[in-house]
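# Structural characterization, general
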Amino acid sequence: MKRIFYLLLLLSGNAFCQNTIGLPEITTYTKQVYGAGAQNRQIRQDRNGLMYFANNEGLVSFDGNSWKTYPLPNKSIIRSLEFGPDNRLYVGGQDELGYFFADKLGMLSFHSLKNLIPEEDRSFTDVWEIYFYQGKAFFQTSNKIFELDKNQCTVYKSTHWRFITLYNNELIAQDFTNGLLKYVNGVWTPFLKDGALPKDCYASSLINIGRDSALLTTVKHGVFIYANKQLKRVQSPALNFISGKFISGAALVNDQHIALSTNLQGCFIIDKKGALIQSFGRKEGLQNNNILDIYLDRDKNIWLGLDNGIDFIAYNNAIKHIYPDLQNEGSGYASIIYNDKLYLGTSNGLYNLPITSNSPADLSYVKGFFEPVKNTSGQVWNLSEVNGQLLLGHNDGSFLIKENNASVIDNTSGFWGFFPFYNVLPSSLIVAGTYQGINFYTYSDGKVINKNRNAHFESARFVVVENNTIWIAHPYKGIFRVTINAKGNPEVKQFTKKEGLNSVNGNYVFKVGGRIVLTGESGIYEYNSAKGLFEPSGYYNALLGGKHIRYLKEDGAGNVWFVFDKIIGVIDKEAKKHRVLYLPELTNKFVSGFEHVYPVNINNVFIGGEKGFYHINYALYKKNSYQIQVRINNVTANGQTDSVLFGGYFKEVNGQQSQQEPITVKHSLNSFHFNFSSPVYAQQSTITYSFFLKGYDAKWSDYAKRTEKEYTNLPAGQYVFEVKAKNNLETESAISQFAFRVLPPWYQTFPAYAFYLLLFAFLIYLLIGYQKKKFKNQQHKYEEEQKRLQYLHHLEIEKTEKEIVKLKNEKLEAEIAHQNTALASSAMHLLQKGELLTNLKEELKRLTKDVEDEKTAHNFKKMIKVLGEDDRMDKDWEHFAHHFDKVQSDFLSGLKKIYPALSPNELKLSAYLRMNLSSKEIAQLMNISVRGVEISRYRLRKKLQIPPKTDLFDFLISLQLPAPNAQD
């Protein structure tokens with residue numbers, strides 16, 4: 001049935017559409033992926049590598065990692081976009097035109113220019129194209145072209161403007177009536193002679209393809225070459241076929257090849273003669289065949305804007321995909337070039353394709369269809385050329401391949417591979433690894449015969465033959481060695497720890513650099529034949545140490561291809577210093593455990609994949625130097641709320657992006673999220689990133705795939721976030737930076753510090769006041785305590801004094817009592833003396849009367865006179881006055897001071913009156929009569945100025961006398 005299909009295909013009119021066997025990887029982006037509308041009309045790339053798409057729902061951007069959509073204010077479809085000389089991104093939509101620019105947060109914002117259009121022309125249909133010419137912007141709609149020159153707008157009307165473009169520094173447009181026109185000083189003049197194009201021809205692109213020639217594509221009328229002001233149609237079977245598929249655009253992909261996009265059949269790659277090189281449609285992996293725009297990015301890879309989706313063709317990539325079967329289903333397990341044919345063994349069977357001397361050096365560009373080999377349906381495990389014959393290891397047995405047919409050699413078991421036993425070819429003995437162990441076959445006259453001298457012990461998939469020794473590795477059973485004894489029989493030896501085998505699990509054996517190499521869980525070992533054991537390999541462990549290698553394959557240049565986990569790489573030995581390169585584009589794209597690498601030469605390396613095969617032009621892979629850039633796409637500050645600090649643009653959209661001034665962030669938003677990417681779309685899987693936060697991190701991070709980084713709770717200070725990218729070839733980008741400053745919290749600001757200072761001063765003031773108050777309280781308490789102590793002491797003193805006073809008083813009282821006694825005694829003595837004298841005088845007077853003798857009478861009178869003398873009385877008085885003043889507190893002295901006019905008798909009278917003596921007693925003491933006392937009393941009252949009603953005694957008792965020592 002397949003041969004019939006091929007025959008029908010060859011007989012069909014599309015036989016010229018044979019594709020290359022190798023096709024670049026196609027990445028599809030559905031509208032669910034990019035999150036916008038279905039149609040994508042135009043595509044552009046800025047100088048920083050970002051892609052932009054004119055989408056039904058607005059402007060869509062892609063940085064290689066994330067998509068963003070910017071709708072127009074009127075929510076209309078965007079049909080066209082172009083970068084202006086001012087680096088702004090101009091767009092045109094339905095009834096709207098303007099440009100996107102970066103606002104102060106670095107986010108794209110739209111500015112409408114519709115207000116510059118005359119009011120009567122402001123209603124218009126879709127803007128299909130935008131071009132800049134001679135400092136002016138031209139926006140093309142179906143019936144109008146708007147020319148914007150600063151703030152001036154000129155409108156060029158037509159029944160139908162079909163097309164506009166720039167070519168050779170001229171602005172070219174197509175009018176429905178007048179054909180192709182060129183703009184000259186505000187006038188549209190003919191570009192081609194009348195009739196050069198069919199009347200209903202609709203141009204879709206005009207591109208330079210040489211120094212003096214251009215390619216003009218039309219929607220329905222094919223392709224034309226414009227040279228020397230002449231237009232000539234290019235015809236070829238391929239172009240004739242493509243012409244009917246509605247050509248929508250063209251792009252020059254390299255010096256020789258041109259890409260044509262169509263609305264009905266996908267994308268075609270032709271040469272300048274019109275021959276088909278490649279085609280891309282749904283069968284090759286596109287989402288659909290309706291391509292609205294084609295764009296070649298700066299890395300010479302192709303972007304397709306589809307009627308529903310966006311597709312990316314890594315056209316300039318050195319890795320191609322090969323599908324040997326039409327259903328694109330079989331996994332690739334084996335490949336070989338034999339007798340000018342490329343054979344590919346898959347899980348569905350064996351396929352072949354002729355390879356001639358005229359085939360390109362890069363075999364992925366060979367054109368044709370793979371043809372299945374008869375009798376090979378099913379799992380193909382191995383293809384080996386032994387003794388000039390092609391042998392096939394298959395799930396159903398072993399086969400000999402001749403031309404396009406497979407004949408059975410042995411179907412007793414499944415076969416893994418074939419090896420010559422002897423180094424001299426043809427080898428008379430062939431070794432085969434089978435599901436059961438090792439089979440031995442003799443070879444004679446082109447025939448392979450089993451002599452049943454087999455070594456069946458375990459499945460022998462990993463086999464190496466060297467120096468008549470067979471090494472077999474079983475991933476779960478260990479390492480075995482098979483030799484032939486003198487009798488020609490095989491002998492099997494299993495290697496253990498004694499021979500350097502640390503584990504029976506995960507072991508694989510290969511022949512690399514002429515040596516037996518063992519890879520295992522604990523490292524890589526080389527066999528030391530002199531010691532008969534495996535020893536750690538210093539060379540391989542230094543390069544691949546720590547990795548569990550499952551596959552090794554040496555190419556003709558000495559490079560060693562290897563596989564670990566689900567990653568493939570190569571030890572490249574072409575440079576002076578051997579280096580390890582990884583091919584992340586192929587990570588997890590091959591059948592794990594059944595890896596296959598077939599290095600034909602440096603331009604052709606075939607690798608088995610989960611679906612078909614991959615072809616690597618290794619020389620081109622190392623030569624390709626994609627421009628590695630890294631871009632900070634978004635910076636968000638997080639706190640109680642999230643705030644976008646930076647939207648990806650420091651300047652205009654198409655400008656060189658570099659930050660001018662750091663951004664200041666308040667402390668409540670001191671957690672940051674950085675998003676970054678590298679717009680290398682064909683090798684996105686090869687890019688890794690390293691970042692460093694100046695002012696916080698101690699060193700750059702290790703390179704990793706992560707495209708975002710978070711920092712939480714950064715302290716106040718100056719920071720610069722830096723990020724760089726590199727690919728697997730160690731090509732490193734320039735560093736991209738974002739500088740910012742985290743403000744201190746309010747409690748660490750200058751006003752806060754001033755407040756703290758004032759508060760501190762106030763607290764010091766309060767503290768001082770408190771200390772003063774405390775001191776005063778303590779002082780008060782101390783004083784109170786002192787007062788209390790003083791009071792107690794005073795009480796003690798008072799008590800003592802009272803005791804002393806009491807004692808003094810008692811003593812004084814005793815003295816006063818004594819003085820009173822003495823006074824009383826003196827007074828009594830005076831009184832008695834006075835009475836005695838009085839009585840004596842009276843008696844003498846009486847006796848004198850009775851004595852008749854004059855002499856005696858005279859003596860009696862003389863005696864009476866002596867008794868009447870005052871001298872003795874005065875001495876007695878002085879003695880009395882002395883005691884009286886002591887008892888009466890110097891009464892007489894004080895009275896004398898107050899009343900100096902008092903006579904001594906009046907002082908005596910006063911003293912006697914103070915002693916409350918009666919007049920009779922006073923009369924006796926003063927030696928006067930009672931009447932004399934009364935008279936003296938009267939006189940005394942007058943001198944003392946005593947009121948009549950006041951008693952003289954009371955007055956004298958209450959009289960306040962001056963201190964004894966007081967001065968006058």
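Within each chain, residue numbers correspond to sequence positions counted from 1 in written order. Where totals are concerned, whole chains, interfaces and linings use all residues; where local detail is concerned, this predicted model gives features only for residues with pLDDT of at least 70, and gives and counts side-chain atom pairs only at 80 or more. The basis for every side-chain value is the complete set of non-hydrogen atoms in the structure, without hydrogens or water.

## A word on the overall build of the chain
Only DSSP runs of H or I covering at least 4 residues are called helices, and only runs of E covering at least 2 are called strands; the numbering of each starts at the N terminus. Helices and strands together make up the secondary structure of the chain, namely 13 helices and 66 strands. Here the globule rule is a power law, 2.2 Å times the number of residues to the power 0.38, and the radius of gyration is based on C-alpha atoms. Relative to a compact globule of 968 residues, whose C-alpha radius of gyration would be 30 Å, the chain shows 66 Å and is clearly more extended. Considered along the principal axes of its C-alpha atoms, the chain spans approximately 225 × 100 × 45 Å. Between two residues, a contact is recorded if the distance between any of their heavy atoms is within 4.5 Å. The long-range share in the chain, meaning contacts at least 24 apart out of those at least 6 apart in sequence, stands at 51%. For the charge count, each Lys or Arg is scored as positive and each Asp or Glu as negative, with His and the chain ends excluded. In plain terms, the charge of a residue is placed at NZ if it is Lys, CZ if Arg, CG if Asp and CD if Glu. For the chain, the separation between the mean place of its 110 positive charges and that of its 95 negative charges on side chains is 3 Å.

## Focus: helix α12 (residues 930-944)
To estimate how far a helix should reach, multiply one less than its number of residues by 1.5 Å. An ideal rise of 1.5 Å per residue puts 21 Å on 15 residues; α12 measures up with 21 Å between its terminal C-alpha atoms. We call a residue buried when its accessible area falls under 20% of the maximum for its residue type, exposed when it is over 50%, and partly exposed in between, using a 1.4 Å probe and counting protein chains only. Gly 932, Val 933, Ser 936, Leu 940, Arg 941 and Leu 944 are the residues of α12 that are buried. For α12, the secondary structure elements touched by its buried residues are α9 (891-898), α10 (904-914), α11 (919-926) and α13 (952-958). One or two steps after α12, the chain reaches Gln 945, where phi turns positive at roughly 55 degrees.

## Considerations on the packing of aromatic side chains
How two aromatic rings sit relative to each other is set out by the distance from centre to centre and by the angle between their planes. Between the rings of Phe, Tyr and Trp (Trp by its six-membered ring), a pair exists once the centres lie within 6.5 Å; its type follows the angle of the planes, with under 30 degrees stacked, over 60 edge-to-face, and the other angles tilted. Tallied over the full model, the rule gives 74 aromatic pairs. A centroid spacing of 5.8 Å and a plane angle of 65 degrees characterise the contact between Tyr 333 and Phe 594, whose relative ring orientation is edge-to-face. In this pair, Tyr 333 is assigned in strand β31 (residues 332-338) and Phe 594 in the loop between β55 (579-582) and β56 (597-601), connecting sequence segments 261 residues apart. Taking the relative accessible area as the measure of exposure, Tyr 333 reaches 11% and is therefore buried. The partly exposed category is assigned to Phe 594, whose relative accessible area is 27%.

## Concerning the environment of Ser 671
Relative to the helices and strands, Ser 671 is located in strand β62 (residues 671-677). Assessed through its relative accessible area of 11%, Ser 671 is described here as buried. Taking the C-alpha atoms as reference, Ser 671 lies 5.1 Å from Asn 713; in sequence the two are 42 residues apart. Ser 671 has contacts with Thr 636, Ala 637, Asn 638, Tyr 711, Thr 712 and Asn 713, leaving out every residue within four places of it along the chain. Engagement of the side chain of Ser 671 in a polar contact is seen with the backbone nitrogen of Asn 713, the distance being 3.0 Å. Here a polar contact means two N or O atoms within 3.5 Å. Within protein one must be a hydrogen donor candidate and the other an acceptor candidate, and residues neighboring in sequence count only if both atoms are side-chain atoms.

## Regarding the sheet that holds strand β49 (residues 515-520)
Strand order in the open sheet formed by four strands is β48-β49-β50-β51, with antiparallel pairing between adjacent strands. Because the sheet does not close on itself, it has two edges, and the strands there are β48 (508-512) and β51 (533-536). Within this sheet the neighbouring strands show an average axis-to-axis angle of 35 degrees, counted without direction. Two strands qualify as a pair provided that DSSP identifies no fewer than 2 bridges between them. Pairing between β48 and β49: five bridges, direction antiparallel. Within the sheet, the bridge partner assigned to Lys 511 lies in β49 and is Ile 516. Note on geometry: axes are lines fitted to C-alpha atoms, helical ones only across the stretch in contact, with angles between N-to-C directions running from 0 to 180 degrees.

## Let's talk about the pairing of strand β18 (residues 187-190)
Pairing between strand β17 (residues 179-184) and β18: four bridges, direction antiparallel. Directly across from Val 184, in β18, lies its bridge partner Val 187.

## A few points about the nonpolar core
Core analysis: the biggest nonpolar cluster contains 46 residues, and Trp 471, Phe 534, Trp 561, Ile 607 and Ile 616 have the highest contact counts within it. Here this core gets five residues from one element, more than from any other, and that element is strand β53 (residues 560-564). By size, the runner-up hydrophobic cluster in this structure holds 43 residues, among which are Tyr 626, Ile 632, Ala 682 and Val 742. Here, nonpolar core refers to any group of buried Ala, Val, Leu, Ile, Met, Phe, Trp, Tyr and Cys residues whose side-chain atoms link them within 4.5 Å.

## Regarding the packing of α11 against α12
Packed helix pairs are specified by the crossing angle of their axes together with the interaxial distance, meaning the distance between the axes. Where α11 meets α12, the axes come as close as 8 Å, and the angle between the chain directions of the two elements is 100 degrees. If you check the angle between α11 and α12, you find them roughly perpendicular. Seen from α11, the contacting residues are Ser 919, Lys 920, Ile 922 and Ala 923; seen from α12, they are Val 930, Val 933, Glu 934 and Arg 937. Three classes are used, and their members are as follows: Ala, Val, Leu, Ile, Met, Phe, Trp, Tyr, Cys and Pro are nonpolar, Asp, Glu, Lys and Arg are charged, and the others, Gly among them, are polar. When its residues are assigned to classes, the contact of α11 with α12 shows four nonpolar, one polar and three charged. In this scheme, roughly parallel covers angles under 35 degrees and roughly antiparallel covers those over 145, while 65 to 115 is roughly perpendicular and the rest are oblique.

## Some points on the sheet that holds strand β2 (residues 26-29)
Read across the sheet, four strands follow the order β2-β29-β28-β27 without closing on themselves; strand pairing throughout is antiparallel. A strand with exactly one partner marks an edge of an open sheet, and here the two such strands are β2 and β27 (291-296). The average angle at which neighbouring strand axes cross in this sheet is 20 degrees, direction not considered. Strand direction decides the pairing type here: β27 and strand β28 (residues 302-306), joined by five bridges, are antiparallel. Looking at the pairing, Ile 294 lines up with Leu 304 of β28.

## Brief notes about the side chain of His 257
Among the structural elements, His 257 can be located in strand β24 (residues 257-262). In this structure His 257 comes out as buried when scored by relative accessible area, which is 17%. Residues in contact with His 257, not counting those within four places in the same chain, are Leu 252, Ile 269, Ile 270, Asp 271, Ile 277 and Tyr 315.

## Some remarks on the packing of α10 against α12
Between α10 and α12, the least distance of the axes is 10 Å, while the angle of their chain directions is 100 degrees. In terms of their interaxial angle, α10 and α12 are classed as roughly perpendicular. Residues Glu 906, Leu 909, Ser 910 and Leu 913 of α10 form the contact with α12, whose own contacting residues are Val 933, Ser 936, Arg 937, Arg 939, Leu 940 and Lys 943. Residues of the contact of α10 with α12, tallied by class, amount to four nonpolar, two polar and four charged.

## Topic: a nonpolar patch on the surface
Exposure above 30% relative accessible area and the absence of a salt bridge qualify a residue for a patch, where like charges join within 9 Å and nonpolar side chains (Val, Leu, Ile, Met, Phe, Trp, Tyr) within 5 Å. Accessible areas in this description were obtained via Shrake-Rupley with a 1.4 Å probe; residue shielding takes into account the shown protein chains only. Any Lys or Arg side-chain nitrogen found within 4 Å of a carboxyl oxygen on Asp or Glu counts as a salt bridge. A surface patch of nonpolar side chains, about 1100 Å² in accessible area, is lined by Trp 746, Tyr 747, Tyr 753, Phe 755, Tyr 756, Leu 759, Phe 762, Leu 763, Tyr 765 and Leu 766. Locating Phe 762 in the fold gives a position in helix α6 (residues 750-850). Overall, Phe 762 belongs to the partly exposed group, its relative accessible area being 44%.

## Details of the pattern of salt bridges
A complete count under the given rule lists 22 salt bridges for this structure. Across the pair Glu 595 and Arg 550 runs a salt bridge, and its minimum N-O distance is 2.4 Å. Placement of Glu 595 in the loop between β55 and β56 and of Arg 550 in strand β52 (residues 549-554) is noted, with a sequence separation of 45 residues between them. Neither residue differs from the other here; Glu 595 and Arg 550 are each classed as buried. One continuous salt-bridge network, built from bridges that share partners, spans Asp 86, Arg 88 and Glu 652.

## A look at the confidence of the model for the chain
Known as pLDDT, the predictor's confidence for each residue is given on a scale from 0 to 100. Considering every residue of the chain, the mean pLDDT works out to 87; 92% of them sit at 70 or more. Confidence drops under a pLDDT of 50 for residues 1-15, and excluding neighbours within four residues, the segment shows 16 contacts in the predicted structure.

## A few points about α11
Among the eight residues of α11, six are classified as buried, and the element is accordingly described as predominantly covered. Taken as a whole, α11 has its buried residues at Ser 919, Ile 922, Ala 923, Gln 924, Leu 925 and Met 926. The first or second residue beyond α11 is Asn 927, which carries a positive phi of 60 degrees.

## Observations regarding the pairing of strand β14 (residues 152-157)
Inspection of the sheet shows strand β13 (residues 144-149) paired to β14 by six bridges, in the antiparallel sense. The residue of β14 that forms the bridge with Ile 145 is Tyr 156. The loop that links β13 with its antiparallel partner β14 comprises two residues; one of these, Lys 150, has a positive phi angle of about 60 degrees.

## A word on the environment of Tyr 443
Residue position: Tyr 443 is located in strand β41 (residues 437-444). Separated by 183 residues in the primary sequence, Tyr 443 and Tyr 626 have C-alpha atoms spaced 52 Å apart. Ignoring sequence-local partners within four residues, the contact set of Tyr 443 consists of Asn 387, Gln 389, Pro 426, Ser 427, Ser 428, Ile 430 and Val 448.

## Here we look at unusual backbone geometry
Along the chain, Leu 425 connects to Pro 426 via a cis peptide bond; the corresponding omega equals 0 degrees. Along the polypeptide, Pro 426 turns up in the loop between β39 (415-420) and β40 (429-434). Phi angles above zero are rare outside glycine, and Asp 340 is one such case at about 60 degrees. As for its position among the elements, Asp 340 is in the loop between β31 and β32 (341-346). Overall, Asp 340 belongs to the exposed group, its relative accessible area being 56%.

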